[in-house]
Amino acid sequence: MIKSARPAPSSRGDGIFKGIIIFIALCIVAIFGLSMYELYTSGKDAFSTFGFFGFIGSSIWDPVAQRFGAWTFIAGTALTSVLALVIAVPLALASAIFVTEYAPRWLSEPVSYLVELLAAIPSVIYGLWAIFVLVPIVRNLQLSVLLNPNLREIDLIQVTAPSGLGLLTAVLILAVMVIPYTASVARDVIRLVPQEQREAAYALGATKWEVIRTAILPYARAGIMGGVILSLGRALGETIAVTMVIGNTTQVPKSIFDSTATMASVIANQFGEASGLQLSSLIGLGFLLFLLSVVVNFTARIIIARLTPEGIKV
Amino acid sequence: MTTHALAQNKVGDGKRRSRTISNAIAAGFIALGTLIVLLPLFAVFYYLIAQGLSSIDLNFFTKLPVPVGEEGGGLANAIVGTIILVALASILGVTVGVGGGIFLAEYSENKLVPYIRLVADVLSGIPAIVMGLVSYGLVVMTTGKFSAISGGIALGFLMVPIIVRTTEEVLKLVPLATREAGLALGLPRWRVIMSIVLPTALGGIVTGVMLSVARVAGEAAPLLFTAFGNQFWNVFNLDQPISALPLVIYNYASSPYEEWHRLASAAALVLVVMVFLTTLIARIATRRR
């Protein structure tokens, strides 16, 4: 910041202060490096026993036979996250468009604030609410599928045990949890669309919806994409709420009602009773999750940072 | 008007009508979507108040948990535990976070700045449970036991990136002229930063810290295998397991007992009020400035 000012008379104090500040700043890098190192060394046993790709590629998770593979959980994580985004993105976009284009100022601010409050509710509280409100709803849905001979035959919605716990419940609660992240980025990038862009479209006789569809959304597309990827990052690592409702079985789901597990949820669920190779495999999963979120976040940040010199704060 | 022109006009009318209709439908969907987004917020609140409020009394804040079936009992140790954990986390989070923020904002000519900013950003996307694993490896495996300290470190790691970025933002809002005035008086740069820039930005920095506190106070995942939780008082033994509201909610909500479900809802209500108040105060404080 002081760059443009004339350099201050240098003093020994300046050197010491700068040294301390750089040391502290390097602590941030150290936290990152240490995390990666720690996860790798603790998970190394799993990688060396099964081979890195053997570990990732196998879907066998058998503590009795001491065979551990990550594939089930990678699939579970990908499925829950992507399906949650499929639900969350259109809703988040709707709320972002509402507060930027439709709502009068007196309504726009409170609605933005309420959407942000959604992000402030702790994961465990979403989990609790899901157990007692969402799970019974899904259970009823499962029962009505079971009782309906036409629906019963459809593979994707087959019900094995109508417990209400499973992929769909996890996806629903996850969608609620990532909506505020997508919505806030979308809102910020839509606000960045120049007013002239809107006026030009209106001048051509476009309706409000046509202005949004042809002038605003294409302009904001890259930023929205960045927000979606950022939300994907959140969804991949979301743990507690998902653990509470996904059912925690080590099977790849075949129907949206099947119980399964994600990388994060299996760590939360099994860490307590794990030891030896199983413990190492769980930490290995954590290492994979770490790498995955670094890649996803890095990509999202690059997309968002390219839009504005300052970037958009999330 | 020729018939040709009339026919064209009719086509135009039909088209205009369909455009008006799609415009109205789109507006309807957007309003409906916004309502659906806000629905869970109200539903969660309604549920917590309906289920939890009746279990909140003085005992809840002053007594220890009792076994299922016994009357009375509260979650005093979990409330205190959460405060202790967050305080421990803040020692780490504020030191590294504010220091890092000063570096990014005040030494922006330094070549390291863009890299450290990127690392801080990427760090903010690391899942909380992964930070729990890191603290488990660093502290629990080394010392051989679950502890308040290991939980505090896990939460501290989560606070750092949030505080770094908010500190950087508010420091950048301090006008350049303020710094120049200090330098013109002959103050060394470090005095300008410590005695002029930081006090000017203090309100904003405190806001950032409070937002990060609100965020980590509700985390259960990284505490599962660090702070671990217990049933007793633990205020001074920071090398022992410690209870925390999110852990209690997680355990009680997943239990089969009706009583514990009610207590979990009450704990959730207390936690969410704590978190919202912190967030609200932080936001109001920023808006005033």
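These numbers come from a predicted model, not from an experiment. (Residues numbered from 1 in each chain as written. Chains lettered and ligands numbered in written order. Predicted model: local features only at pLDDT ≥ 70, side-chain atom pairs only at ≥ 80, totals over all residues. Heavy atoms only, no water.)

Notes on the layout of surface pockets
The cut-off we apply is this: A 1.4 Å probe that fits into a set of points on a 1 Å grid over the protein atoms alone but cannot get out defines a cavity; an open set with protein on both sides within 12 Å along at least five of seven lines defines a pocket, and lining residues are those with an atom within 4 Å of a point. Grid points are joined across faces, edges and corners, and a volume is the space filled by probe spheres set on the points. To qualify as a helix, a DSSP run of H or I must reach at least 4 residues; to qualify as a strand, a run of E must reach at least 2; elements of each kind are numbered from the N terminus.
Taken as a whole, the second largest pocket encloses approximately 580 Å³ of empty space. For the second largest pocket, the lining is made up of 29 residues, of which B:Leu224, B:Phe228, B:Leu247, B:Tyr250 and B:Asn251 are closest to its centre. Where the lining of the second largest pocket is concerned, the elements lending two or more residues are α10 (240-245) and α11 (263-270) of chain A together with α9 (245-253) of chain B. The greatest single-element share of the lining of the second largest pocket, amounting to five residues, is contributed by α9(B).

Digging into the interface of chain B and chain A
Heads up, the condition is: Two residues qualify as a contact provided that any one of their heavy atoms is within 4.5 Å of a heavy atom in the partner residue. Note on terms: buried area is the combined drop in 1.4 Å-probe accessible area of two parts once they are placed together, counting the loss on both. Salt bridges are counted wherever a side-chain nitrogen of Lys or Arg sits within 4 Å of a carboxyl oxygen of Asp or Glu. As used in this structure description, the phrase polar contact means that two N or O atoms lie within 3.5 Å; if the pair is within protein, one of them must be able to donate a hydrogen and the other to accept it, and residues adjacent in sequence are counted only when both atoms belong to side chains. Each residue is assigned to one class: nonpolar for Ala, Val, Leu, Ile, Met, Phe, Trp, Tyr, Cys and Pro, charged for Asp, Glu, Lys and Arg, and polar for all the others, Gly among them.
Between chain B and chain A, the contact holds 92 residues from the first and 84 residues from the second. Taking both sides of the interface into account, the surface hidden between chain B and chain A amounts to around 7700 Å²; carbon and sulfur atoms contribute 79%. Of all residues in chain B, B:Ile30, B:Val37 and B:Leu133 bury the most surface against chain A, accounting for 8% of the area lost on that side. Where chain B meets chain A, there are one salt bridge. A salt bridge links B:Arg19 to A:Glu210; the nearest nitrogen and oxygen atoms lie 2.8 Å apart. Counting every contact that joins chain B to chain A gives seven residue pairs in polar contact (both at pLDDT 80 or more). Residue contributions to the side of chain B that touches chain A peak at 20 residues, all from helix α1 (residues 3-52) of chain B. Partitioned by chemical class, the residues of the side of chain B that touches chain A number 62 nonpolar, 18 polar and twelve charged.

Section: the packing of aromatic side chains
Operational definition: Ring pairs shown here join Phe, Tyr and Trp side chains whose ring centres sit within 6.5 Å, with only the six-membered ring taken for Trp; geometry is labelled stacked below 30 degrees between planes, edge-to-face above 60, and tilted in between. The buried label goes to any residue with under 20% of its type's maximum accessible area, the exposed label to any with over 50%, and the partly exposed label to all in between, with areas taken from a 1.4 Å probe on protein chains only.
In the structure shown here, the tally under the stated rule is 22 aromatic pairs over all chains. A ring pair is formed by A:Phe32 and A:Phe290, whose centres lie 5.4 Å apart and whose planes are at 40°; its orientation type is tilted. One end of the pair, A:Phe32, is in helix α1 (residues 12-50); the other, A:Phe290, is in helix α12 (residues 276-307), and 258 residues separate them in sequence. Across the pair, exposure class does not vary: A:Phe32 and A:Phe290 are buried alike. Here the aromatic rings of B:Phe45 and B:Phe276 are separated by 5.4 Å at their centres, their planes lie at 35°, and the arrangement is tilted. Of this pair, B:Phe45 sits in helix α1 while B:Phe276 is found in helix α10 (residues 258-288), placing the two residues 231 residues apart along the sequence.

Notes on the confidence of the model for chain B
Selection rule: Known as pLDDT, the predictor's confidence for each residue is given on a scale from 0 to 100.
Of the residues in chain B, 95% reach a pLDDT of 70 or more, and the chain-wide mean stands at 91. Predicted complex metrics record ipTM = 0.92 and pTM = 0.92.

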